[in-house]
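Summary of structural features
Here is how the chains run, residue by residue.
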Amino acid sequence: MAQLILNHLSKDFGGGRPAVSDVSLKVRPGGFLALLGPSGCGKTTVLRMIAGFERPSDGSIDFGERRLSDASLALPPERRNMAMVFQSYALWPHMTVAENVGYPLKVRGISGSAWQRSVADALALVKLTDYADRRPAALSGGQRQRVALARCLVTSPDVVLLDEPLANLDQHLRKSMEETFRIFHERSGATMIYVTHDQAEAMALATDVAVMHEGRLMQMAPPAEIYARPEGAVVGGLIGRGAVLKLAVPDGAPRGLEWPALREALSGVGGADTQPLRDVLVRPEHVRRDGEGMALRVMSCVFEGERFALTLALPDGQALKAYGDSAIGPGDTARFVVSQGWRL
Amino acid sequence: MLERNDLRSRHRWLRFPIRSRMKSAPRSRAGVRAGASPAAEPRWLVPFVLGCLFLLCLLPLFSLAKAGFAGLVSGRSIGVLTEPATFAAIRNTLITATGGMVVSVVIGALFAFSVALTDVRGKLALSFAFMLPMMIPPQVTALAWVEMTGPASPLLKTLGLAPPLGSPQPLYSLMGISLLLGVQHAPLVFLALKAGLSASPRDGVEAARLSGATPFRVFCDIVAPLSLPGLIAGAAIAFVSGVGNFGIPAILGIPAGIEVLPTLIYTRLASFGAGTFGEIALLSSLIAVIAAAGLLLQQRALAGRDYRIIGLSGGNAAFSLGRFRPFVELVLVAILFLVLVAPLAALVASSLVPAYGVPLNWQTVSLRAYEEILIRQAMTLKALGNSVFLATSAAFGLLAVAVPAAYLMTRRKGWLANTLGILVEIPYALPGIVLAVAFILTFAAPLPVLNVSLYGTIWIILIAYFSSFLAVSLKPVMSAFLQMDPSLEEAARLAGAGFLRRMRDVILPLVAPAAGAAIILVFLIAANELTVSALLWSAGTQTLGVAIFNLDDSGSSDLAAALSVLVVVMVVLLMAALEALANYLPKGVLPWRN
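Cut-offs applied
- Residues numbered from 1 in each chain as written.
- Chains lettered and ligands numbered in written order.
- Predicted model: local features only at pLDDT ≥ 70, side-chain atom pairs only at ≥ 80, totals over all residues.
- Heavy atoms only, no water.
- Helix = DSSP H or I, 4+ residues; strand = E, 2+ residues; numbered from the N terminus.
- Contact = heavy atoms within 4.5 Å.
- Areas by Shrake-Rupley, 256 points an atom, 1.4 Å probe, with all protein chains shown as cover.
- Lys, Arg positive; Asp, Glu negative; His and termini not counted.
- Charge placed at Lys NZ, Arg CZ, Asp CG, Glu CD.
- Pairing = 2+ DSSP bridges.
- Axes fitted to C-alpha atoms, helices over the stretch in contact; angles between N-to-C directions.
- pLDDT = per-residue confidence, 0-100.
- Buried < 20%, exposed > 50% of the residue type's maximum accessible area, 1.4 Å probe, protein only.
- Salt bridge = Lys/Arg side-chain N within 4 Å of Asp/Glu carboxyl O.
- Parallel < 35°, antiparallel > 145°, perpendicular 65-115°, else oblique.
- Left-handed = near helix turned anticlockwise from the far one by under 90°.
- Nonpolar A, V, L, I, M, F, W, Y, C, P; charged D, E, K, R; others polar.
- Buried area = accessible area lost by both parts, 1.4 Å probe.
- Polar contact = N/O pair within 3.5 Å; in protein donor to acceptor, adjacent residues only side chain to side chain.

Each helix and strand in chain A was counted, giving nine helices and 18 strands. For the C-alpha atoms alone, the extent of chain A along its principal axes is close to 75 × 45 × 35 Å. The long-range share in chain A, meaning contacts at least 24 apart out of those at least 6 apart in sequence, stands at 68%. Surface summary for chain A: the accessible area is close to 14800 Å², and the carbon and sulfur share equals 49%. Both charge centroids of chain A, one from 39 positive and one from 38 negative side chains, sit 4 Å from each other.

Residue and element names in this part refer to chain A. With antiparallel pairing, four strands are arranged side by side in an open sheet as β11-β13-β18-β12. Across the chains shown, the open sheet's two edge strands, defined by having one partner strand only, are β11 (243-248) and β12 (256-258). Taking each pair of neighbouring strands and ignoring which way they run, the sheet shows an average axis angle of 40°. Pairing analysis gives six bridges linking β11 to strand β13 (residues 277-282), with the strands arranged antiparallel. Each residue of the ladder has a partner; that of Ala248, found in β13, is Leu277.

All names here are of chain B. Model confidence for chain B is summarised by a mean pLDDT of 80, while 87% of its residues fall at 70 or above. In the model of chain B, helix α3 (residues 28-33) stands out as the element of lowest mean pLDDT, 36, in contrast to helix α5 (residues 84-117), which has the highest, 91. Contacts from residues 1-37, a stretch scored under 50 in pLDDT, to residues over four places away or in other chains number 164 contacts.

Residues and elements named next belong to chain A. Across the five residues that make up strand β7 (residues 159-163), a large majority, five, are buried. When strand β6 (residues 82-85) meets β7, the two strands line up parallel, connected through four bridges. Counterpart to Met84 in the pairing with β7 is Leu161. Pairing of β7 with strand β8 (residues 191-196) involves five bridges; the strand directions are parallel. Looking at β8, one finds that Leu161 is bridged to Ile193.

All names here are of chain B. Under the criterion given, the structure shown has 27 salt bridges over all chains. Note that Arg325 is salt-bridged to Glu329, the shortest N-O span being 3.9 Å. With Arg325 and Glu329 both in helix α15 (residues 325-352) and four residues apart, the pair spans about one turn of that helix. According to the relative accessible area criterion, Arg325 is partly exposed, its value standing at 22%. With a shortest N-O distance of 2.9 Å, Glu372 and Arg376 are connected by a salt bridge. Within this pair, Glu372 and its partner Arg376 are both found in helix α16 (residues 368-376), separated by four residues, close to a single helical turn. Judged by its relative accessible area of 17%, Glu372 falls in the buried class.

All right, on to the environment of Ser453 of chain B then. Residues and elements named next belong to chain B. Here Ser453 shows up in the loop between α19 (432-443) and α20 (458-483). Looking at Ser453, the relative accessible area reads 27%, which means it is partly exposed. Ser453 has contacts with Phe443, Ala444, Ala445 and Pro446, leaving out every residue within four places of it along the chain.

Turning next to the packing of helix α2 (residues 97-107) of chain A against helix α4 (residues 141-153) of chain A. Residues and elements named next belong to chain A. Contact geometry of α2 with α4 gives a least axis separation of 7 Å together with a crossing angle of 30°. The angle between the axes of α2 and α4 places the two elements in the roughly parallel class. Here α2 runs over α4; the crossing is right-handed. Mapping the contact onto sequence places Val97, Asn100, Val101 and Pro104 in α2 and Val147, Ala150 and Arg151 in α4. Considered class by class, the residues forming the contact of α2 with α4 number five nonpolar, one polar and one charged.

Another point: unusual backbone geometry. All names here are of chain A. In this structure, Tyr89 is a non-glycine residue whose phi angle is positive, near 75°. Topologically, Tyr89 is positioned in the loop between β6 and α2. Judged by relative accessible area, Tyr89 falls into the buried class, the value being 7%. Phi is positive for Glu214, which is not a glycine, with a value near 50°. Relative to the elements of secondary structure, Glu214 occurs in the loop between β9 (208-213) and β10 (216-221).

With that out of the way, let us pick up the interface of chain A and chain B. Every contact between the two is made by 32 residues of chain A and, on the other side, 27 residues of chain B. Summing the contributions of chain A and of chain B, the shared interface buries around 2500 Å²; its carbon and sulfur component is 58%. Considering only the surface of chain A that becomes buried against chain B, Phe53, Glu78 and Trp92 of chain A emerge as the three largest contributors, covering 24% of it. Along the contact surface separating chain A from chain B lie three salt bridges. Linking chain A to chain B there are nine residue pairs in polar contact (both at pLDDT 80 or more). For the side of chain A that touches chain B, the class distribution of residues is 18 nonpolar, six polar and eight charged.

Now the structure itself:
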């Protein structure tokens, strides 16, 4: 199985800032890469360059030994053996479900019983066998999504691209579709690239997460790694719900900060003249109420069902997020311990 | 003999700002989507489309400019610019076009506000009926009104209201021409205004009501300012269409010796002389200048009035008329009766009388005129055959240009889409009579290499139709492409389908309904066309429009009326066919639907 390699990839549409600039990454064979970032960060443009709908302004895309595109050459999408689930699903309204799913086979000249069998297999996998003769217009959003997925499945593509496939579905359907994607990934063995702005989706599905911001690749790592050890304030602020604090941390300190060091930094916030201020990420699950801790004022308290989300004010006014089991009225003071912090 | 620029005005509602549309497309995603895909289409496609558009759009303009310039330089034609007849024609053109614009604005605005903003009943039927005057050829409209109001009017005679024989026909005047231009072009104002009124969405009106404004205040403060751009645009289109109209002044003006610029070109061409080509080139340039001045005025008036809808708009605003509703409905129906039902009834009546001036009743009714034109007169059958051939060829042939052109204009951006947009606008911005003159000048000389002259054959009419109706064909196809999700084609590409394959399997099936509408629309307009064929026909190549005009000109008003009735029946049937297709068409293709 070959490896998908993006080498110093850039795309400039000619409108000021390049949409994508200097993105280099390698997707492990059969991997599931989530491209994560806020809207307008260039992740969809990267996806469309991999598919061949856009030509890079600079850099190149290779699949194994094969050059897919660079600034001067581009293999047309129809010859890349890739498949894609579009955000709008892109089902052809004039074909039935079976015809939609079987179209890539038809183009490859497969017909008759071989066609029937492949289409039936693909539809069975997404549990749509009974809908084969319907038109897409007669399906619900989740069913259309599964038709689009079956269409990707049917030709064993090398790379499957997913462009915010769950963006148009409700919360409940998303969970079951995530499960379908996971099964699909295991069965097909294809390399999958998944564009999303939802970090929970990215964490739940991917073997690797690549965070993009303003056209640049900020960090790429497995989900647990990127959550525990984010690089830089952008990634730290984007992944999870942590607060990025400016704290005076001594030069020699390790990146993972424990409570004693944090206590010193938090209480020493006023005397920052001696030490440079650094970005420190503190996740709310690491802030807990404890009589031993330092007294912080509660700014707001929001009930979220399974817990209370608190916003706390540090002595110098910086906001810290925490979770609590019980409500604390805004303006009250309580003692908290910060068990972990991560210097960005 | 013929009128030609009416056709242009009739399809002026199809005017669509291609370039502004491309620019105003949502930038973020659409901008990315429209990007050039590697090898998205075969190499011959761009040269093919550019070549066709050059031939249809740019070449005639070059010939016009060349002949006009040559006429000026040689001095043989320059005299036409200082003749009193030319001054009179310019003056008459301006008066009738302005008068027509005022009438159009009054009637069109009344219908647009009533249909778009109030709770009158039968909106679809009202819109459909109100659009009919635009689809009926102007020479037929003029004939119908002449039959209705003249001393020989079978309708008035039957009702006992006819003025005495020998009294002047009141419509043979500048007032009459203005009134009929107004009636003919009122649907253009209606359409422009209705499109503009979609900018006053229901939530905006409701917000104003909640702010404490009475319905009258809402109309003054919210609806009227928002609809002003549409009104200005509609007025400008009505003016430009009036400047280029040939059919109405030809039927009403020529008998009274009132010349406007289009009829002046026509008479000059009929009395062919040494400097004629230079003269008609200069005269058509005058029309083009007046039309351009009208459009420039419109742009000045529209400056700073770009009110786009912000956010989601609900349905259109609906004002409840309460107890005034029956009154408003009565006024609308009365207007429709006056501008549509009564003239058509007079036309039908005229076609049924056995001879000119005989009152119509059960003893005198006769189908002799129909028998005459359908069985005895070889000329009308020949004209029918010619028109059907021309309209069918134009309708189907144009698709071969319109589909690839619309594909390139929606899928590509940058210089190519902009160039195509400008090229397509050229024949569209020119009044039809100007275009016809340009084609005469282009093809008067034998073709190079082949050494055959198209002038005087049916083929020059066909090429002129291609040019004239390109925009009519392009608009529905363009709407279909604009409303098609580009990912449908991209999915087909990833599925492995090459250009021709995905054209056949995905794109053509999806634009088929719009292409069907384009075929019917072009056929409808081309089959009734007069302005182009009036200048380009010769023995054996007359069209239906020419036949009606010539029958009337030679005094056979009963035969002209009968042929006109058949034409109106055909128009209504074709419009009904389009209406039947309505549910499969992209939004905005059928003008009488919301």
